[in-house]
Each structure stands twice: as C-alpha cells, then as structure tokens.
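Chain residues, written in single-letter form:
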Amino acid sequence: MVGVLKKTTGLVGLAVSQNPHERLRILYSKILASLQTIPKDAAYRTYTEQLINDRFDLVKSEPDIEKLERKINCGQIEEVIVQAENELSLSRKMVEWKPWEPLIEEPPTNQWKWPI
Amino acid sequence: MAASLCRFVRGGFGRNFGFVSRSPALVHARFDSTTTETRPTVRPKDEVTHNQLSAFGEYIAEILPKYVQQVQVTCFNELEVMIHPDGVVPVLLFLRDHTNAQFKNLTDQTAVDVPSRQNRFELVYNLLSLRFNSRIRIKTYTDELTPVDSAVPVHLAANWYEREIWDMYGVFFANHPDLRRILTDYGFEGHPFRKDFPLSGYVEVRYDDEVKRVVAEPVELSQEFRKFDLNSPWEVFPAHRESKDTPKLE
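Residues numbered from 1 in each chain as written. Chains lettered and ligands numbered in written order. Predicted model: local features only at pLDDT ≥ 70, side-chain atom pairs only at ≥ 80, totals over all residues. Heavy atoms only, no water.

Of regular secondary structure, chain B possesses 3 helices and 11 strands. When the helices and strands of chain B are placed in sequence order, the string is β-β-α-β-β-α-β-β-β-β-α-β-β-β. Across chain B, the fraction of contacts at a sequence separation of at least 24, relative to all contacts at a separation of at least 6, is 50%. Total accessible area on chain B stands at roughly 15,700 Å², and carbon and sulfur atoms take up 54% of it. (Helix = DSSP H or I, 4+ residues; strand = E, 2+ residues; numbered from the N terminus. Contact = heavy atoms within 4.5 Å. Areas by Shrake-Rupley, 256 points an atom, 1.4 Å probe, with all protein chains shown as cover.)

Now the structure itself:
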C-alpha cells in the first residue's frame, strides 16, 4: 500500500475515503455523462466540462494523494469528493431547469434603480 | 460566441473559469477621474478586487441568463446579482453546489420595502463562500400578494429568516415547512416593517384591572406625531448628478 492512510480528516462527519482516486473517477465520469444531455453551446456545459476535465486529468496523472490535493488546491481530497458529488446533483437539476434559455421576464422599469 | 479563456487565481485557492468580454446584464457605473485621490479620508479604490468580482458576476450571468437580470459591483467591492423571482431556488442551488462558487453559508435574508415601486418588496439574500472567502448578494422582487419560492430546501438557515420576513413584511413563501409569526405578539394584526405602518403602531396594550387581563386598545398619542423634512434646498451631491442618458450595454 503506497503511502500512509491518514487517521482523520479533521472535519466532523467526513470520513477518510479509502480509495479517493476511484471514487473521483466514477463521479467525474458521471458528471461528464450528465453534461452530455445539455446543449453544446450552454455556458454551464462548457465551463463545467473544462473544470471537470482539468480535475480528471490531474486525478489520472497523480497517484499520490498529498500531491494531488496540492495540485487541485481545493482542500482535502474528501472535500474534493464532496464538491464532485454536489456538482453531480447540480448538473442533474440543471438539465431539468435549463437556465441557458433567454431571460424569462425583464424587470419592471425602475425596479433596480437606486436611489429611487 | 468565441469566449477568450484566462485563469484567475485568487488568494491561494484556484478558481478556474473563463472570462467573457461582453455580457448584457453587467451595469457599469464608474465615474472617470483624471486626478488621483490623495485625501486620507477617502477609501482608496481596489481595482483588482473590483475586476475579479465583476468577472465572476459576468460568469454567473453567462451561466444563468434565464434568471439573472442585472449584475453590479458596488463601490465597496460587493457583488450583487439581481434575479427574477422564479429563479430563487435554481440560483441559490447553483451558488451552493457549483465547484467554482461554493457559497455554502446563507449569512442573511431580508426584505426592503420601497412603496413607490410596482413590486414593492425587494428580497435580499447574502451568501458567504468559506472556500473562496467571498461574499455575494442575490436580490429579487415581489409585491404584496405574489408568493416566492422558499429557500429552505437549499439553505436550512432560511427558515427563521423567512418567518421574520413574513411576519414583518407580509411576503408569503411557498413550500416553507412552518411559516408563522416569529416576532410580533400572538394576535397582532399588520406587518410592522412596511413603510405605511406607523411608528407607534395602531394598538397599545395595558393591563385592565376590571377584566383582570391584558387588553389591546387603539393607540393614544399624547403629542401629535411630528415629521421633520430634513432636505436642504441646495443640491447635496453635485458630483453624483444623475445623467439623463445612461449608456446601457446591449
């Protein structure tokens, strides 16, 4: 087993993950799969795909957990897993809401004027 | 639309997002000054933070054009995003779950009453991102009768905030688990923070010895309420006159 498994994350309710690379691989591929159903020109799809692909490449290239955490630069690897899970649920809801469509309704005149 | 991509790294944490040169929703209100400011009592302009925040505001406006109506960065470097009331839950969920945003804390939720507008109540949500150490403000609008979707499914902290807004302003939140009064007395009628609610209220309470309980009676002021008009006849801020034709970015 390469590397020593750390005892605790230091965060309440967040357990140390046994195989973070595998878990991240699964999550990132699921996110990319759910992004395929969004139209290609949607900004959410382009930015999220770029972000997830960057992180995915880092995960694939770096086997050491410490160095991977430092490269991704977003907290501990367990927190990165939580972020990926949130992004997955968000992408599924985005498919439902379709926020790339044009504005629903313009605000009434002087709605956002300040001072009145 | 060709988007030019450049990376912004802020304060040690990498938040990677592409920068787009134009956005229909961003409102620029900058006064160009040719002379540098030397007075020590004037806050120095922090251009770097201002530009970072406006770039992030454009990023949000580009991803959620269905709901975002306007984005602005105040002179104190606070990012404000104005959205349509239908988009409360989607925008809050996006800001909570998206990896580049992660605004997991709902710091505050309030309402502002501006009676002259068509939609008199302006709902304000203040969010904080611990990961990226940044704050954002989401603003929506509603009138007295239109319900707004509750933010409780997204942030549990919104529970009591929405109860307070219901109690004080009368804004109804749909899908709230328990929307009831929180600050006013049990049989209180009216919404006290509205601008048309008088300062001393309509009823006052006293203990009546005959009926041996607290009774509510119409309020009796010993002195008529005095309202002072404190506006001076001279122009107060000559440097901030409203220009007749504001250039809108279309």
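There's plenty left to go through after this.
If you look at the interface, chain A gives 37 residues, while chain B gives 44 residues. Between chain A and chain B, roughly 3,500 Å² of surface is buried when both sides are summed, and carbon and sulfur atoms account for 57% of that area. It is A:Tyr47, A:Trp97 and A:Trp112 that lose the most area in chain A upon contact with chain B, and together they represent 23% of the buried surface on that side. We note a salt bridge from B:Arg131 to A:Glu79, for which the minimum N-O separation is 3.3 Å. If you look at where chain A meets chain B, you find 17 residue pairs in polar contact (both at pLDDT 80 or more). Put simply, the parts of the chain that give the side of chain A that touches chain B at least two residues each are helix H2 (43–61) and helix H4 (77–97) of chain A. Ranked by the residues each element gives to the side of chain A that touches chain B, the list is headed by H4(A), at 9 residues. Of the residues belonging to the side of chain A that touches chain B, the class tally is 18 nonpolar, 9 polar and 10 charged. (Buried area = accessible area lost by both parts, 1.4 Å probe. Salt bridge = Lys/Arg side-chain N within 4 Å of Asp/Glu carboxyl O. Polar contact = N/O pair within 3.5 Å; in protein donor to acceptor, adjacent residues only side chain to side chain. Nonpolar A, V, L, I, M, F, W, Y, C, P; charged D, E, K, R; others polar.)

Here, the residues flagged by UniProt with the feature "domain: NADH:ubiquinone oxidoreductase 30kDa subunit" (unreviewed entry) are residues 81–202 of chain B. When the span residues 81–202 of chain B is considered, its composition is 18% helix and 28% strand, and the gap between its end C-alpha atoms is 37 Å. (UniProt positions renumbered as here; feature names shortened; annotations may be inferred.)

Another point: the packing of aromatic side chains. Any aromatic ring pair is given by two values, namely how distant the centres are and how the planes are angled relative to each other. Per the counting criterion, the structure on display carries 11 aromatic pairs over all chains. On the numbers, 6.1 Å between centres and 40° between planes, the contact of B:Phe56 with B:Phe103 is tilted. Pair noted here: B:Phe56 is in helix H1 (residues 47–63) and B:Phe103 is in the loop between helix H2 (88–97) and strand E5 (105–113), with a separation of 47 residues, a long-range link. The class of B:Phe56 is buried, set by a relative accessible area of 2%. Taken together, the ring pairs connect A:Tyr47, B:Phe56, B:Tyr59 and B:Phe103 into an aromatic cluster. (Phe/Tyr/Trp six-rings, centres within 6.5 Å; stacked < 30°, edge-to-face > 60°. Buried < 20%, exposed > 50% of the residue type's maximum accessible area, 1.4 Å probe, protein only.)

This part is about H2(B). Of all the 10 residues making up H2(B), 9 are buried; the element is thus mostly covered by neighbouring parts of the structure. Listing the buried residues of H2(B) in full gives B:Val88, B:Val89, B:Pro90, B:Val91, B:Leu92, B:Leu93, B:Phe94, B:Leu95 and B:Asp97.

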